[in-house]
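Summary of the model geometry
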Amino acid sequence: MIDQILEFNKTFVAQKGYEKYVTDKYPDKKLAVLSCMDTRLTELLPAALGLKNGDAKIIKNAGGLVISAFDSAIRSLIVAIYELGVQEIMVVAHSHCGACHMSYDHFHHQMIARGITDQTLDTIRKCGIDLSHWLEGFKDTHESVRKTVETIKTHPLVPADVVVRGFIIDSEKGELEEVF
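Residues numbered from 1 in each chain as written. Predicted model: local features only at pLDDT ≥ 70, side-chain atom pairs only at ≥ 80, totals over all residues. Heavy atoms only, no water.

**Side note on the sheet that holds strand 2 (residues 56–61)**
Worth spelling out the cut-off: Think of it this way: DSSP has to see at least two bridges between two strands before they count as a pair. Only runs of H or I of at least four residues qualify as helices and only runs of E of at least two qualify as strands under DSSP, and these elements are numbered from the N terminus. Between the N-to-C directions of two axes lies an angle of 0 to 180 degrees, each axis being a line fitted to C-alpha atoms and, for a helix, fitted only over the stretch in contact. By definition in these notes, contact holds between two residues if any of their heavy atoms fall within 4.5 Å.
The strand order 2-1-3-4-5 describes an open sheet built from five strands, whose pairing is mixed. The open sheet has two edge strands with one neighbour each: strand 2 and strand 5 (176–179). Neighbour to neighbour, the strand axes of the sheet diverge by 25° on average, direction disregarded. Examined bridge by bridge, strand 1 (residues 31–36) and strand 3 (residues 88–94) share five bridges and lie parallel to one another. Looking at strand 3, one finds that Leu34 is bridged to Val91. Packed onto the sheet, helix 2 (residues 41–49) meets strand 1, strand 2, strand 3, strand 4 (163–169) and strand 5 and runs at close to 140° relative to strand 1. Helix 7 (residues 141–153) rests against strand 1, strand 3, strand 4 and strand 5 of the sheet, and its axis sits at about 165° to strand 4.

**Side note on helix 1 (residues 2–14)**
Convention followed: In a helix, the anticipated span is given by 1.5 Å times the number of residues less one.
In a regular helix each residue adds 1.5 Å, so 13 residues correspond to 18 Å; helix 1 covers 18 Å between its end C-alpha atoms and thus fits that length. A positive phi of about 55° marks Lys16, the residue just after helix 1.

**Overview of helix 2**
The condition that has to hold: Exposure categories follow from relative accessible area, calculated using a 1.4 Å probe and restricted to protein chains: below 20% of the type maximum is buried, above 50% is exposed, and the middle band is partly exposed. As used here, the arc is the angular range of directions from the helix axis to the C-beta atoms.
Buried within helix 2 we find Leu41, Leu45, Pro46 and Leu49. The buried side chains of helix 2 occupy one side of the element, clustering within an arc of 110° when seen end-on. Turned more than 90 degrees from where helix 2 packs its buried face, Glu43 and Ala47 sit exposed. Here the buried face of helix 2 lies against strand 1, strand 2, strand 3, strand 4 and strand 5.

**Regarding a nonpolar patch on the surface**
Condition: Residues enter patches when they are more than 30% accessible in relative terms and free of salt bridges; like-charged ones are connected within 9 Å and nonpolar ones (Val, Leu, Ile, Met, Phe, Trp, Tyr) within 5 Å. Per-residue accessibility takes into account occlusion by the displayed protein chains alone, with areas from the Shrake-Rupley method and a 1.4 Å probe. Salt bridges are identified by distance alone: a Lys or Arg side-chain nitrogen within 4 Å of an Asp or Glu carboxyl oxygen.
Together, Val13, Tyr18 and Val22 give the surface a local cluster of nonpolar side chains, amounting to about 270 Å² of exposed area. Here Tyr18 shows up in the loop between helix 1 and strand 1.

**Concerning the pattern of salt bridges**
Here the structure, examined in full by the defined rule, presents eight salt bridges. The salt bridge partner of Arg125 is Asp122, with a shortest N-O separation of 2.6 Å. On the criterion of helical spacing, the pair formed by Arg125 and Asp122 is a turn pair, its members being three residues apart in helix 5 (residues 118–126). We classify Asp122 as partly exposed; its relative accessible area is 37%. As a salt-bridge pair, Glu136 and Lys139 come within 3.0 Å of each other at their nearest N and O atoms. Residue Glu136 is classed as partly exposed on the basis of its relative accessible area, which comes to 29%.

**Examining the side chain of Asn61**
Formally: Polar contact is defined as a pair of N or O atoms within 3.5 Å, subject to the rule that within protein one atom must be able to donate a hydrogen and the other to accept it, and that residues adjacent in sequence are counted only when both atoms are side-chain atoms.
Along the chain, Asn61 turns up in strand 2. Among the residues examined, Asn61 registers a relative accessible area of 18% and is labelled buried. For Asn61, the side chain forms a polar contact with the main-chain nitrogen of Gly64, separated by 2.9 Å. Non-local contacts of Asn61, meaning those with residues more than four positions away in its chain, are made with Leu34, Ser35, Cys36, Met37 and Ala73.

**Things to note about the pairing of strand 3**
Working note: regular strand, side chains alternate between the two faces of the sheet. Burial analysis of strand 3 places six of its seven residues in the buried class, which makes it a mostly covered element. For strand 3 and strand 4, the ladder comprises seven bridges, and the chain directions are parallel. Paired with Ala93 across the strands is Ile168, a residue of strand 4.

**Some thoughts on the environment of Glu178**
For Glu178, the location among the structural elements is in strand 5. Among the residues examined, Glu178 registers a relative accessible area of 25% and is labelled partly exposed. Separated by 100 residues in sequence, Glu178 and Ile78 place their C-alpha atoms 23 Å apart. Setting aside its immediate chain neighbours within four residues, Glu178 contacts Arg165, Gly166 and Phe167. There is a polar contact of 2.7 Å between the side chain of Glu178 and the side chain of Arg165.

Here it is, written out as structure tokens:
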């Protein structure tokens, strides 16, 4: 698949397909969106939010979560605020998310089946990584959004004037529901 993508890319560049996407690194709407990496949202999310290329920083991960005060999602948001001028943050989870009910126990069995040893997993734990927490999903999407919004709002490096709001998008229709 990667070789096919590389072939497509050669044609894309040769035909100057990139020209309609040219913008700079600063989001025109001074907005960052933290959302899930779900493939259903690849085009639906920006379309449903009315965003075009260059309007916002879109940060994606499994579940659209901030799982700790210093994970990569919060790091990206901090950079977006201080380096790129972001003034508002939308946390956008979605309906029927695979991270809902995700668990380490589920992944553990799959890891073993794919050749990862319990010794490797024990070594990771001995380094201080709590795999159960790290690979835990959530049970309630609304509560997950509230928790992520609160973690961002109360983060010691996020200025009080940054607006942070949470939403759930219907992964079929694109309709937004604000979570309070």
